[in-house]
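# Fold and contact review
Residues per chain, in single letters:
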Amino acid sequence: MGSYPRIMDSNNNTYELFGPVNLFWSTRYDKAMTLFLTCLKDFAEFAHSKDQGNSIPPEKCFKLPYNNPRGGPCRIENDKVENYSITQSFNKQENWTKAPKYTLCNLKWALYWFVGSTNFQPPSAMLLSPSASAVGSFYTKHTAEPKFEARNSSNH
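Small disclaimer: the values here were computed from a predicted structure and weren't measured.

## Some remarks on the nonpolar core
- By size, the foremost hydrophobic cluster in this structure holds 21 residues, and its most contacted members are Ile-7, Phe-62 and Ile-76.
- Elements that contribute at least two residues to this core include exactly helix 1 (27–53) and helix 2 (93–117).
- With eight residues, the top contributor of residues to this core is helix 1.
- Among all residues touching Ile-76, those that are not within four sequence positions of it are Leu-37, Leu-40, Lys-41, Leu-64, Val-81 and Asn-106.

Below you can see the structure in the form of structure tokens.
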């Protein structure tokens, strides 16, 4: 959704994942962040089951870095990551900042798993590939900068 990220629940209600957020009463943002954590948890469970289905040894199956003590693939429970709430309403700033920190770390692990377990190739890799044609790429290769040439020619 462009510069204004939103998330939708199962009832097609849309919640904004951006501010401004009132530190004392931000229920829509809190709901959006909780839904986002649910998506991350669902992805972690999917990746874990995919690894199990591919006969990867249990100790090497995907799991988020903050493991569930009950042996599950991740430790995300409702609105909490590592027992820190992702909601801002009535939460101390010191405690709240830890939840996004752990969430970003978990996202990094999910990205590593995705790139390593799929045939995904980022657009920049496709652009730099020698087999990519200039017509099919996002940009064409420039040999010289016109502004640079104009400055040099005016100095002579």
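Back to the text.
## Observations concerning the packing of helix 1 against helix 2
- Running from N to C, helix 1 and helix 2 cross one another at 35°; their axes reach a closest spacing of 11 Å. Our pair here, helix 1 against helix 2, has a crossing hand that is left-handed. On helix 2, the residues touching Tyr-29, Phe-36, Leu-37, Leu-40, Phe-43, Phe-46, Ala-47, Lys-50 and Asp-51 of helix 1 are Trp-96, Thr-103, Asn-106, Leu-107, Ala-110 and Trp-113.

## Thoughts on the sheet that holds strand 4 (residues 80–81)
- Taken in spatial order, the three strands make up an open sheet running 3-4-5, and their pairing is antiparallel. Each edge of the sheet is formed by a strand with only one pairing partner; in this case those strands are strand 3 (76–77) and strand 5 (84–85).
- Of the strand pairs in this sheet, strand 4 and strand 5 are connected by two bridges, and their pairing is antiparallel. Within strand 5, the residue paired with Lys-80 across the bridge is Ser-85.

## Quick word on a nonpolar patch on the surface
- Nonpolar side chains collect at one region of the surface, where Leu-111, Phe-114, Val-115 and Phe-120 lie side by side and expose about 340 Å² of accessible area between them.
- Tracing the chain through its elements places Phe-120 in the loop between helix 2 and helix 3 (123–128).

## Some thoughts on the pattern of salt bridges
- Under the criterion given, the structure shown has three salt bridges.
- As a salt-bridge pair, Glu-16 and Arg-28 come within 3.4 Å of each other at their nearest N and O atoms. Residue Glu-16 is found in strand 2 (residues 14–16), and its partner Arg-28 is found in helix 1; the two are separated by twelve residues along the sequence.
- The salt bridge involving Glu-77 is made with Lys-41; its shortest N-O contact spans 4.0 Å. Placement of Glu-77 in strand 3 and of Lys-41 in helix 1 is noted, with a sequence separation of 36 residues between them.
- Owing to a relative accessible area of 33%, Glu-77 belongs among the partly exposed residues under this scheme.

## A closer look at the packing of aromatic side chains
- Across all of its chains, the model carries seven aromatic pairs by this definition.
- When the ring of Phe-43 is compared with that of Phe-46, the centres are 6.3 Å apart and the planes differ by 45°; the resulting orientation is tilted. One end of the pair is Phe-43 and the other is Phe-46, both in helix 1 and three residues apart, which spans about a single turn.
- A relative accessible area of 43% places Phe-46 in the partly exposed class.
- With a centroid separation of 5.7 Å and an interplanar angle of 80°, the aromatic rings of Phe-43 and Trp-113 are classed as edge-to-face. With a gap of 70 residues between them, Phe-43 in helix 1 and Trp-113 in helix 2 connect regions that are remote in the sequence.
- Looking at Trp-113, the relative accessible area reads 11%, which means it is buried.
- Here a set of aromatic residues connected by ring pairs shows up, and it is made of Phe-43, Phe-46, Phe-62 and Trp-113.

Procedures and definitions
- Residues numbered from 1 in each chain as written.
- Predicted model: local features only at pLDDT ≥ 70, side-chain atom pairs only at ≥ 80, totals over all residues.
- Heavy atoms only, no water.
- Core = buried A, V, L, I, M, F, W, Y, C linked by side-chain atoms within 4.5 Å.
- Buried < 20%, exposed > 50% of the residue type's maximum accessible area, 1.4 Å probe, protein only.
- Helix = DSSP H or I, 4+ residues; strand = E, 2+ residues; numbered from the N terminus.
- Contact = heavy atoms within 4.5 Å.
- Axes fitted to C-alpha atoms, helices over the stretch in contact; angles between N-to-C directions.
- Left-handed = near helix turned anticlockwise from the far one by under 90°.
- Pairing = 2+ DSSP bridges.
- Patch = residues over 30% accessible without salt bridge, like charges linked within 9 Å, V, L, I, M, F, W, Y side chains within 5 Å.
- Areas by Shrake-Rupley, 256 points an atom, 1.4 Å probe, with all protein chains shown as cover.
- Salt bridge = Lys/Arg side-chain N within 4 Å of Asp/Glu carboxyl O.
- Phe/Tyr/Trp six-rings, centres within 6.5 Å; stacked < 30°, edge-to-face > 60°.

All we've got here are geometric facts, nothing functional implied.
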